[in-house]
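Here is how the chains run, residue by residue.
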Amino acid sequence: MNIRMIAKLAAGAALIAMTAGAAKAAEQVEVLHWWTSGGEAAALNVLKENLQKQGVAWKDMPVAGGAGSAAMTALRARVTAGDPPTAVQLLGFDLKDWAEMGVAANLDDLAKKEGWDKVIPAALQNFSKYDGHWIAAPVNIHSTNWLWINKAALDKAGGKVPTNIAELITLLDAFKGQGLTALAHGGVPWQDGTLWEAVVLSTGGPDFYKKAVLDLDPAALSGDTMKKVFDTMSKLRTYFDPNFSGREWNLSTALVIEGKAGAQEMGDWSKGEWLRANKKPGTDFVCIRFPGTQGSVLFNADQFMMFNVGGDAEKAQFKMASAVEDPAFQIAFNTVKGSVPARTDVSNEKFDDCGKKGMADLTEASSKGTLMGSLAHGYAQPAAIKEAMLDVITQHLNGQLTTEAALKRLPEAVKAAK
Ligand code: GAL
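Predicted, not measured: the structure shown is a model, and the values here were computed from it.

### With respect to the confidence of the model for the protein chain
Residues with a pLDDT of 70 or more make up 94% of the protein chain, whose mean pLDDT is 94. In the model, residues 10-25 has pLDDT below 50 throughout and makes 19 contacts with residues more than four positions away in sequence or in other chains.

### With respect to the site of the ligand
Every one of the 13 residues lining the ligand counts as a neighbour, but E40, N300, D302, K337 and H377 are closest to it. Between the ligand and W34, the relevant distance is 3.3 Å, taken from an oxygen atom to a side-chain nitrogen or oxygen of the residue. In the environment of the ligand, an oxygen atom lies 3.2 Å from a nitrogen or oxygen atom belonging to the backbone of A67. In isolation the ligand has 310 Å² of accessible area, and contact with the protein removes 100% of it. Here the ligand occupies the largest cavity. Looking at the shell around the ligand, its residues break down into six nonpolar, four polar and three charged.

### Observations concerning helix α3 (residues 69-80)
With 12 residues, α3 should reach 16 Å at 1.5 Å per residue; the first-to-last C-alpha distance of 17 Å fits that figure. Every buried residue belonging to α3 is among A71, M72, A74, L75, R78 and V79, and all of these are buried. Along the axis of α3, the buried residues cluster in a sector spanning 160°; they form a single face.

### Section: the state of the cysteines
For the coordinates displayed, the defined rule picks out one disulfide. With a sulfur-sulfur separation of 2.2 Å, C287 is cross-linked through a disulfide to C354. As the torsion about the S-S bond is roughly -110°, the C287-C354 disulfide counts as left-handed. Highlighted residues: C287 in strand β11 (residues 285-289) and C354 in helix α17 (residues 353-368), separated in sequence by 67 residues.

### Comments concerning the sheet that holds strand β14 (residues 371-373)
As summarised here, the arrangement of the three strands in space is β7-β12-β14, forming an open sheet in which the pairing is mixed. The two strands at the open ends of the sheet, each matched to only one other strand, are β7 (142-143) and β14. Relative to strand β12 (residues 297-300), β7 is paired through two bridges, and the arrangement is antiparallel. Bridge pairing in β12 places H142 opposite N300. Strand contacts of helix α10 (residues 189-214): β12 and β14, with the helix running at about 80° to β14, the strand carrying the most contacts.

### Section: the packing of aromatic side chains
To describe a pair of aromatic rings, you give the distance between the ring centres and the angle between the ring planes. If you walk through the whole model with that rule in mind, you get 14 aromatic pairs. Where F329 meets F333, the ring centres are 5.4 Å apart and the plane angle is 35°; that geometry is what we call tilted. One end of the pair is F329 and the other is F333, both in helix α16 (residues 327-337) and four residues apart, which spans about a single turn. Under the relative-accessibility criterion, F329 is labelled buried at 2%. Feature note: the residues W35, F304, F329 and F333 constitute an aromatic cluster, connected by ring pairs. Sitting above the plane of the F127 ring, K96 keeps its charged end 5.0 Å from the centroid. The ring of W146 has R289 lying over it, and the distance from NZ or CZ to the ring centre is 3.9 Å.

### Brief notes about the packing of helix α9 (residues 165-177) against helix α12 (residues 224-237)
Put simply, α9 and α12 touch, their axes get as near as 11 Å, and they point 10° apart. Classified by the angle their axes make, α9 and α12 are roughly parallel. Together, I165, L168, I169 and L172 of α9 and T232, K235 and L236 of α12 make up the contact between the two elements. The residue inventory of the contact of α9 with α12, partitioned by class, reads five nonpolar, one polar and one charged.

### A word on the pairing of strand β3 (residues 87-90)
Side chains A87 and Q89 project from β3 onto one buried face, and the interleaved V88 and L90 project onto a second face that is buried too. Note that strand β1 (residues 28-33) and β3 share two bridges and pair parallel. The partner of V31 across the bridge, within β3, is A87.

### Looking at the sheet that holds strand β8 (residues 146-150)
Spatial ordering of the open sheet is given by β9-β10-β8-β11, a layout of four strands whose pairing is mixed. At either end of the open sheet lies a strand with only one pairing partner, and these are β9 (181-183) and β11. With strand direction ignored, the average angle separating the axes of adjacent strands in the sheet is 20°. For β8 and β11, the ladder comprises five bridges, and the chain directions are antiparallel. Opposite W148, over in β11, you have C287 as the bridge partner.

### A short note on the layout of surface pockets
Roughly 660 Å³ of volume is contained in the largest pocket. Along its surface, the largest pocket is lined by 34 residues, and S69, R76, A383, K386 and E387 are the ones closest to its centre. Counting residues per element, the ones that place at least two in the lining of the largest pocket are α3, α4 (92-100), α10 and α18 (383-397). Sort the elements by how many residues they give to the lining of the largest pocket and α18 lands first, with seven residues. A class-by-class count of the residues in the lining of the largest pocket yields 17 nonpolar, eight polar and nine charged. Its boundaries defined by the atoms lining it, the second largest pocket holds a volume of some 230 Å³. As for the second largest pocket, its lining consists of 15 residues, of which P121, R343, T344, L362 and T363 are closest to the centre. The element contributing the most residues to the lining of the second largest pocket is α17, with four residues.

Parameters at a glance
Residues numbered from 1 in each chain as written. Predicted model: local features only at pLDDT ≥ 70, side-chain atom pairs only at ≥ 80, totals over all residues. Heavy atoms only, no water. pLDDT = per-residue confidence, 0-100. Contact = heavy atoms within 4.5 Å. Near = heavy atom within 4 Å. Polar contact = N/O pair within 3.5 Å; in protein donor to acceptor, adjacent residues only side chain to side chain. Areas by Shrake-Rupley, 256 points an atom, 1.4 Å probe, with all protein chains shown as cover. 1 Å grid on protein atoms, 1.4 Å probe; cavity = no way out; pocket = protein on both sides within 12 Å on 5 of 7 lines; lining within 4 Å. Sits in = over half its atoms within 2 Å of the grid points. Nonpolar A, V, L, I, M, F, W, Y, C, P; charged D, E, K, R; others polar. Helix = DSSP H or I, 4+ residues; strand = E, 2+ residues; numbered from the N terminus. Expected span 1.5 Å × (residues − 1). Buried < 20%, exposed > 50% of the residue type's maximum accessible area, 1.4 Å probe, protein only. Arc of directions from axis to C-beta. Disulfide = S-S within 2.5 Å. Pairing = 2+ DSSP bridges. Axes fitted to C-alpha atoms, helices over the stretch in contact; angles between N-to-C directions. Phe/Tyr/Trp six-rings, centres within 6.5 Å; stacked < 30°, edge-to-face > 60°. Lys NZ or Arg CZ within 6 Å of the ring centre and 35° of its normal. Parallel < 35°, antiparallel > 145°, perpendicular 65-115°, else oblique. Points joined across faces, edges and corners; volume = space filled by probe spheres on them.

Spelled out as structure tokens, the structure:
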């Protein structure tokens, strides 16, 4: 069922939920999320424990599947059944979609008391607020244009990090020569899209990313630069292993950690897996911006939207939102998760080199106007357009569409989804 198709049902559901909410334990949050990998679960534990210390019980509703598409299906089912969870992990345009249905709680009083307006970057506030009101508490800022490289394999290949796609190809050839899977990739639409958006940024630069992905300019979606993007995707596919199809992202990260693969293009949640495996940046792995994208950041921020369930549950929801924005928590959580703080006033002291780089890159990109939303993670386009684009990208990567056909289909798919 489409998110918009259940708008009416959702309005009714909110009412039912208010009644149900009153019956719920006074100090409990039920949290729907997709943080089920080792690194993700470790980060979530920081929040769970923080709330438990404050006497707020945690009812876990994990729905496995990177980037949350399975979680979103579960959420729609819960709302349709009139029993929404109290707090939900959401990304970008999905926040707007739910808020539009009138099911979000209003966090204005808390945000005002704690001065969120001054410390949460505007790029996030665009999504944490709806119609001028705070509806969600952003927990982090991730970014997708990263490359994670096995340090031993890199050293064996000469130690030079690639700064453009041609150098990346040379490095991948060297990894192949070492008998490794050169590029660890999981063939699912959001991962294909995560790779594709980094290639778009590298190939055309930030202005092209804006034109094609943010403005959906039909000429940019089907022109020569986009042809190069699709050609590069076809080339990169030749460096995957035969079992890439359908593989979860963390299993690909594990291949690089174990030295079976050379590198992975992935958001910085990947670092959470490295840290869980007791690996150190600079010693065991190297984090660089995806070759050719230094200076720009494609961001996605996890946010907890509170559903308007009213009653006693509200107290626990506010406690959770307040805990999430606590600067000490922002450090404790994000150093484990691989992301950077969602507040601008947090010191980078406790972060490792990749974290420090992430924070510095973010500041640079936001001052230069090259901080842009990730398509694959819901910050560039609403779900319908995102999915239509991912469909074309995946079909092309799987060889079901030629580059020529993909160039024709991409603007068509966007137009049809608008
Ligand atoms: C992203 C999310 C991250 C991360 C990743 C893989 O969409 O923002 O927190 O966990 O999915 O599941």
